[in-house]
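Chains, contacts and geometry: an overview
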Amino acid sequence: MKKITTLIACLLAACPAAFAQTSYLENITVENRVVQKEGSNVHVSMDLDLSKMDMKSQHSINLVPTLVSADGSQECALKPIVVNGSVRNRVMERQEALGSLPAGTPADRVRRHNGKTQTISYDDSAPFSRWMVNGRLELRGYVTGCASCSEGDENIATGGVLPYTEPTYLMAFVQPKEEEVKRRAEVKTARLQYRQDSYAVRPDYKNNRAELETVQKSIDAVKDDRNLTITGIYITGYASPEATVAYNLRLSKNRAQTFAAYIQKNNPELKKSLWHVDWKGEDWAGLREQVANCTTLLRQEDVLKIIDDCDGDQDACEAKIKALVPPTIYERILNELYGPLRRNEYRIEYNVRHFDLEEAKQLLKSKPNQLSVAEIQKVADSYGRNTPEYKEAMNIAARTYPDNVTALNNAALAEFETGNYNAAISLLKDAEDPALLNILGAAYAKSGDKDRAEKAFTKAAGKGDKQAQQNLRMLQESRIYD
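My aim in this report is to walk through the structure given alongside it, one point at a time. (Residues numbered from 1 in each chain as written. Predicted model: local features only at pLDDT ≥ 70, side-chain atom pairs only at ≥ 80, totals over all residues. Heavy atoms only, no water.)

1. Notes on the sheet that holds strand β7 (residues 119-127)
Read from one edge to the other, the open sheet built from three strands follows the order β1-β2-β7, with strand pairing classed as antiparallel. The open sheet has two edge strands, β1 (29-38) and β7, and neither has a second partner. On average, each strand axis in the sheet is tilted by 10° relative to the strand beside it, whichever way the strands run. Inspection of the sheet shows β1 paired to strand β2 (residues 41-49) by eight bridges, in the antiparallel sense. If you follow Glu-31 over to β2, its bridge partner there is Asp-47. (Pairing = 2+ DSSP bridges. Helix = DSSP H or I, 4+ residues; strand = E, 2+ residues; numbered from the N terminus. Axes fitted to C-alpha atoms, helices over the stretch in contact; angles between N-to-C directions.)

2. Here we look at the packing of helix α5 (residues 284-293) against helix α6 (residues 300-308)
Running from N to C, α5 and α6 cross one another at 165°; their axes reach a closest spacing of 10 Å. Judged by the inter-axis angle, α5 sits roughly antiparallel to α6. For the crossing formed where α5 meets α6, the hand is left-handed. Across from Trp-284, Leu-287, Arg-288, Val-291 and Ala-292 in α5, the residues of α6 making contact are Gln-300, Val-303, Leu-304, Ile-307 and Asp-308. Split into classes, the residues belonging to the contact of α5 with α6 amount to seven nonpolar, one polar and two charged. (Parallel < 35°, antiparallel > 145°, perpendicular 65-115°, else oblique. Left-handed = near helix turned anticlockwise from the far one by under 90°. Contact = heavy atoms within 4.5 Å. Nonpolar A, V, L, I, M, F, W, Y, C, P; charged D, E, K, R; others polar.)

3. Quick word on the packing of aromatic side chains
Per the counting criterion, the structure on display carries six aromatic pairs. Geometrically, the ring pair formed by Tyr-164 and Tyr-481 is edge-to-face, given 6.2 Å between the ring centres and 85° between the ring planes. Taken together, the positions of Tyr-164 in the loop between β9 (150-161) and β10 (182-190) and Tyr-481 in the segment after α16 (466-478) put the pair 317 residues apart, joining distant regions of the chain. The pair formed by Tyr-164 and Tyr-481 is uniform in burial state, with each residue classed as buried. Between the aromatic rings of Phe-259 and Tyr-346, the centroid separation amounts to 6.3 Å while the plane-to-plane angle is 50°, which identifies the pairing as tilted. Taken together, the residues Phe-259 in helix α4 (residues 245-265) and Tyr-346 in strand β13 (residues 343-352) connect sequence positions 87 residues apart. Of the two residues, Phe-259 and Tyr-346, both sit in the buried class. Feature note: the residues Phe-128, Tyr-164 and Tyr-481 constitute an aromatic cluster, connected by ring pairs. Lys-37 extends its terminal NZ or CZ atom over the ring of Phe-128, reaching a point 5.1 Å from the ring centre. (Phe/Tyr/Trp six-rings, centres within 6.5 Å; stacked < 30°, edge-to-face > 60°. Buried < 20%, exposed > 50% of the residue type's maximum accessible area, 1.4 Å probe, protein only. Lys NZ or Arg CZ within 6 Å of the ring centre and 35° of its normal.)

4. A few points about unusual backbone geometry
Omega for the bond connecting Val-325 with Pro-326 falls within 30 degrees of zero, at 5°, which places this linkage in the cis form. In this structure, Asn-32 takes a positive phi of about 55° despite not being glycine. Its location among the elements puts Asn-32 in strand β1. Located in the positive-phi region is Lys-206, a residue other than glycine, with phi close to 50°. Looking at where Lys-206 falls in the secondary structure, it is placed in the loop between β10 and α3 (208-223).

5. Description of the environment of Gln-469
Note that Gln-469 resides in helix α16. Separated by 219 residues in sequence, Gln-469 and Arg-250 have C-alpha atoms that sit 57 Å apart. Setting aside its immediate chain neighbours within four residues, Gln-469 contacts Ala-461 and Gly-464.

Structure below.
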């Protein structure tokens, strides 16, 4: 027992610091600390005040500033610096003179002068990584004593770095205004078959009976609905360019009038004042659309050019199409593309009565077009914001009224508020209204596409949207860490 006690005493005398608990870092004061992104790097500078630190003569502390991610999963060690006690410093100086410094010994070394004011100015940079944002800077100390044996490790946090808060983008809910009169219209097309040069409506000719029944069903659907009041039925006749312009104008007139008379006869309860008949003759706009969609048509571009350049004599324009070689071009146009141009379009205009909340709920999924945007909003509000029912109602409003800015605004906002940014983008991707562009920009930003977000905000800001102007500034400030 005496021999063991004597051995321990000898070891303590030989290297007393080997069994001591070090606490150097708590006596180092970090001052003037700056951590900022500069280009593609993160620059770190600070002053390390050693004035309160008493360094044991044989000790050395390797100070390593380290950037650490917020969750601690990633880190980046910066340039180390060594602080030596007096004896340890002389040892390193001799090793350096003899070229025998251990590999990996930091180049930056200072001797601690105990009891004196002493400050180390530190400066280093590292490549920026996105994980550094909202991270922290730690100062780690690795203490060694005699014979370079480890005396323990220390670690202090110097504070957070690269602070970033996701912008809270400004967007506005819009309260829909109720329609004083809910005007609606159904636009349909009747393609009746006629004998050559005839304009008489023959129900038993080809598929005319089925076509006329479809027309009547369209009128009945409005006429028999007690919530609706018909305010007008507008019929317009069109013809194809076959034959002369004058002939086709008369033909479209006669066919529109006989079609209107036939339908009017089968609906005697509708006042005559509700019926309106018009005719347009040759439908060259429709012809252009037919040709543009017929990608397999020979010399399609030549045909389109003739149509686009036709601003006067349409008979001469048709003659140019007829003259194209090969003749099969005109034959195909005549047989396949002229047919759909010969038609009567009819538009049934009507007013819809207003509904209370319970009635609106019943109609929301079956006949949403009879509800106003304001009525749909009331249904949505009755379920509460951020509920699935609220969002469903808003989406029905947007689908039913795709050109209504208020419906799109509130539907996109509902998607945004529940984190469905891609759904909001889908609703607004073709928007031109500044308020809608502003929400689109916010949705792009939240989905991670900051380039498109900046374009949308810029476009909305250019149209005078104040929220977009502020959102653009916030987005641009946030891009420092891109």
